[in-house]
Amino acid sequence: MTLTELKYIVAVARERHFGKGADACHVSQPTLSVAIKKLEEELQVKLFERNANEITVTPLGEEIVRQAQSVLEQAENIREIAKRGKDPLAGALRLGVIYTIGPYLLPDLVRHAIAMTPQMPLMLQENFTVKLIEELRMGEIDCAILAEPFPDANLAIAPLYDEPFMAAVPSSHPLAQRSSITAEELKKETMLLLGNGHCFRDHVLEVCPEFARFSSNSDGIRKSFEGSSLETIKHMVAAGMGITLVPRLGVPKEAMAQTRTAKKASKARAGADADMPSFVKYLPFEGHVPSRRVVLAWRRSFTRYEAIAALRNAIYACELPGVIRLS
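The structure presented is a predicted model; accordingly, all values stated were derived computationally and were not measured. (Residues numbered from 1 in each chain as written. Predicted model: local features only at pLDDT ≥ 70, side-chain atom pairs only at ≥ 80, totals over all residues. Heavy atoms only, no water.)

*Asks:* Describe in detail the overall build of the protein chain, supporting the description with residues and values.
*Replies:* Per the secondary structure count, the protein chain includes 12 helices and 12 strands. Pairs at least 24 residues apart make up 76% of the contacts formed inside the protein chain by residues separated by at least 6 positions. Here the protein chain has roughly 16,100 Å² of accessible surface; of this, 54% comes from carbon and sulfur atoms. (Helix = DSSP H or I, 4+ residues; strand = E, 2+ residues; numbered from the N terminus. Contact = heavy atoms within 4.5 Å. Areas by Shrake-Rupley, 256 points an atom, 1.4 Å probe, with all protein chains shown as cover.)

Following this line, the structure appears as structure tokens:
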């Protein structure tokens, strides 16, 4: 039994496919299949049921795969302990970020990380919350920046900041003449939402009770369009197709300057984001302000405590306009 064989069975169990498992391990499928068959013969157990279209893990195989994952994590911990003896911050940190945070936080975060810990480059990945949690559990990434709530996976959690939402409306919309808005006023508007799988869609429906209550009611939100990203939806808003909510860090600086001065931009700016304020008005909420809590999560068994602390310091060094920082 080798660590390589254990890595193979964990990959196949995760992917439910020998070919995809081999791709994840950067080996050929025959190499992976032969190694797994050898391990099954050594253990004298059947780990996988091989059907025509699907691979399933046997009940005993599930238990063995869980133990294999634990062994792989412990082996990785040995390497990390050795690194810490030299330099706790030496080596890349594998960081996952959800789609609705990455575009707005990462540019500033990467600059600060390079300046503060050049010996610890960030290996970045954007994905859905459920996928990042699974990759954390499997040891494929070291930590992740997520937005609560999310399924309890027995992770260590450090709160980063509370981020309010703002409403984005077309500049030609009557609401664009307002300086603020209430959730009640959005009930009869055409709401543009991200597609299923994006946690921000759930956040909007959870933190805005009006949306959840009326989303399936003809007297409430009339339509729901699915966009591939917040940036795509913002372009749809600019085109007059409806309104949406955006997290505070997703509001362009030019738009906030316009909101404060109540004037439209008079000069053309380069870049899509710079052009957006001419067509989109961002409005703060009156009364109850919907928001989300952004946290840093990592496995409790992860031993590079200094790396987590350094990452948090780099995040706190970012500008983070309009959010409430948490210690």
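*Asks:* How would you summarise the nonpolar core if you had to cite specific residues and measurements?
*Replies:* Counting 72 residues, the largest nonpolar core has L95, L109, I145, L146, Y161, L296 and L311 as the members making the most contacts within it. Considering every element that reaches this core, the biggest residue donor is strand 6 (residues 155-170), with 10 residues. When residues no more than four places from it in sequence are discounted, the contact partners of L296 are L95, C143, A144, I145, A156, I157, A158, L160, I308, L311 and R312. Among the nonpolar cores identified, the runner-up in size contains 21 residues, and A13, I36, L39 and A68 belong to it. (Core = buried A, V, L, I, M, F, W, Y, C linked by side-chain atoms within 4.5 Å. Buried < 20%, exposed > 50% of the residue type's maximum accessible area, 1.4 Å probe, protein only.)

*Asks:* Outline the confidence of the model for the protein chain, supporting the account with residue identities and numerical values.
*Replies:* In regions of low pLDDT, the predicted coordinates are not meant to be interpreted in detail. When the pLDDT values of the protein chain are averaged, the result is 83; 83% of them are 70 or greater. Confidence drops under a pLDDT of 50 for residues 212-222, and excluding neighbours within four residues, the segment shows 15 contacts in the predicted structure. (pLDDT = per-residue confidence, 0-100.)

*Asks:* Could you give an account of unusual backbone geometry, naming the residues involved and the relevant values?
*Replies:* Here the bond from E148 into P149 is cis, since omega is 0°, no more than 30 degrees from zero. Notably, R16 is not glycine yet its phi reads approximately 55°, a positive angle. In this fold, R16 is placed in the loop between helix 1 (3-15) and helix 2 (18-25). One non-glycine residue, H26, adopts positive backbone phi at about 60°. Secondary-structure assignment places H26 in the loop between helix 2 and helix 3 (29-43).

*Asks:* Can you explain the environment of D108? Please cite residues and give values.
*Replies:* By secondary structure assignment, the location of D108 is in helix 5 (residues 102-116). Looking at D108, the relative accessible area reads 18%, which means it is buried. For the pair D108 and I315, spaced 207 residues apart in sequence, the C-alpha to C-alpha distance is 8.4 Å. Those residues in contact with D108 that lie beyond four places of it in its chain are C318 and E319.

*Asks:* Can you tell me about the packing of helix 1 against helix 3, naming the residues and giving the values?
*Replies:* Interaxial distance between helix 1 and helix 3 falls to 9 Å at its minimum, and their mutual angle equals 105°. The orientation of helix 1 relative to helix 3 falls into the category roughly perpendicular. Here E5, L6, Y8, I9 and V12 of helix 1 lie close against helix 3, whose contacting residues are T31, L32, A35, I36, K38, L39 and E42. Considered class by class, the residues forming the contact of helix 1 with helix 3 number eight nonpolar, one polar and three charged. (Axes fitted to C-alpha atoms, helices over the stretch in contact; angles between N-to-C directions. Parallel < 35°, antiparallel > 145°, perpendicular 65-115°, else oblique. Nonpolar A, V, L, I, M, F, W, Y, C, P; charged D, E, K, R; others polar.)

*Asks:* Give a detailed account of the packing of helix 1 against helix 2, specifying residues and quantitative values.
*Replies:* The contact between helix 1 and helix 2 brings their axes to 8 Å, and the two run at 130°. Here helix 2 runs oblique to helix 1, going by the angle between their axes. Crossing of helix 1 over helix 2 shows right-handed handedness. Across from K7, Y8, A11, V12, R14 and E15 in helix 1, the residues of helix 2 making contact are F18, K20, G21, A24 and C25. Partitioning the contact of helix 1 with helix 2 into residue classes produces six nonpolar, one polar and four charged. (Left-handed = near helix turned anticlockwise from the far one by under 90°.)

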